[in-house]
Amino acid sequence: MSVQNLNTFDPFAEEVDSVERTTAESVGTSEYIHIRIQQRNGRKTLTTLQGLPTQYDPKKLLKAFKKEFACNGTLVEDEKMGQVIQLQGDQRAKISTFLIENGLEKSTIKVHGF
């Protein structure tokens, strides 16, 4: 009689290794551009944009976003994600349409949140 359910199996072992490998390979560079929203206090929100290709200058892009959307924003350096653009308010749809109109493919943009 053999008991097969006593074998040790860690369902998360493979996932952790693949996640560590991808973050170690490409710090701040990814095939997708991620647009996320974060809740602050009360009704205030913060929109983050990360994973931009290296050919785009984040400072110039931030300046264009601030002028186009009439909101404040900043550029934050993250050790895992590289440079992250933060904008005040829920600017997810506006950022997405702005990037698509200026030559980025819609399939490379991922919009997260609510």
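Let us look at the structure shown here. Counting restarts for each chain, with residues numbered from 1 along the sequence as it is written. With the structure being a predicted model, the display of local features is reserved for residues of pLDDT at least 70 and the display and counting of side-chain atom pairs for 80 or more, all residues being used for whole-chain, interface and lining totals. Water and hydrogen atoms were dropped before computing side-chain values, which therefore reflect all heavy atoms in the structure.

Quick word on helix α2 (residues 58-69)
Phase 1 of the analysis: With 12 residues, α2 extends 16 Å from end C-alpha to end C-alpha; this agrees with the ideal 16 Å at 1.5 Å per step.
Phase 2 of the analysis: Using a 1.4 Å probe on the protein chains alone, a residue whose accessible area is under 20% of its type maximum counts as buried, one over 50% counts as exposed, and one in between counts as partly exposed. Strands are runs of DSSP state E lasting at least 2 residues, helices are runs of H or I lasting at least 4, and numbering of each runs from the N terminus. Within α2, the full set of buried residues consists of Pro58, Leu61, Leu62, Phe65 and Phe69. Take α2 and look down its axis: the buried residues cluster within an arc of 100 degrees, on one side only. Facing away from the buried surface of α2 by more than 90 degrees, the exposed residues are Lys59, Lys60, Lys63 and Lys67.
Phase 3 of the analysis: Two residues qualify as a contact provided that any one of their heavy atoms is within 4.5 Å of a heavy atom in the partner residue. The inward-facing, buried residues of α2 contact β2 (45-50), β3 (73-78), β4 (82-88) and α3 (92-101).
Phase 4 of the analysis: Phi for Ala70, located one or two positions after α2, is positive at around 55 degrees. Working rule for helices: expected span equals 1.5 Å times residues minus one. Summarising the geometry, the arc corresponds to the directions from the helix axis toward the C-beta atoms.

What about the packing of aromatic side chains?
Working definition: an aromatic ring pair is given by the centre-to-centre distance plus the angle between the planes.
Phase 1 of the analysis: Here is the rule: rings of Phe, Tyr and Trp (six-membered ring for Trp) pair when centre to centre is within 6.5 Å. Planes less than 30 degrees apart are stacked, more than 60 are edge-to-face, and the remainder are tilted. Per the counting criterion, the structure on display carries 3 aromatic pairs.
Phase 2 of the analysis: Both rings, one in Phe65 and one in Phe98, keep their centres 5.1 Å apart while their planes meet at 70 degrees; by these two values the pair is edge-to-face. Placement of the pair is Phe65 in helix α2 and Phe98 in helix α3, with a sequence separation of 33 residues. Both residues of the pair, Phe65 and Phe98, count as buried.
Phase 3 of the analysis: Members of the aromatic cluster, connected to one another through ring pairs, are Phe65, Phe69 and Phe98.
Phase 4 of the analysis: Two conditions define a charge located above a ring, namely a distance within 6 Å from the ring centre to NZ of Lys or CZ of Arg, and an angle within 35 degrees of the ring normal. Above the plane of the ring of Tyr32 lies Lys110, whose end atom (NZ or CZ) is 4.6 Å from the centre.

Quick look at the environment of Leu49
Phase 1 of the analysis: For Leu49, the location among the structural elements is in strand β2.
Phase 2 of the analysis: Taking the relative accessible area as the measure of exposure, Leu49 reaches 1% and is therefore buried.
Phase 3 of the analysis: Considering only alpha carbons, one finds Leu49 and Gln91, 42 residues apart in sequence, at a separation of 9.9 Å.
Phase 4 of the analysis: Leaving out residues up to four positions away in the same chain, Leu49 has contacts with Ile33, His34, Ile35, Phe65, Gln83, Val84, Ile85, Ile95 and Leu99.

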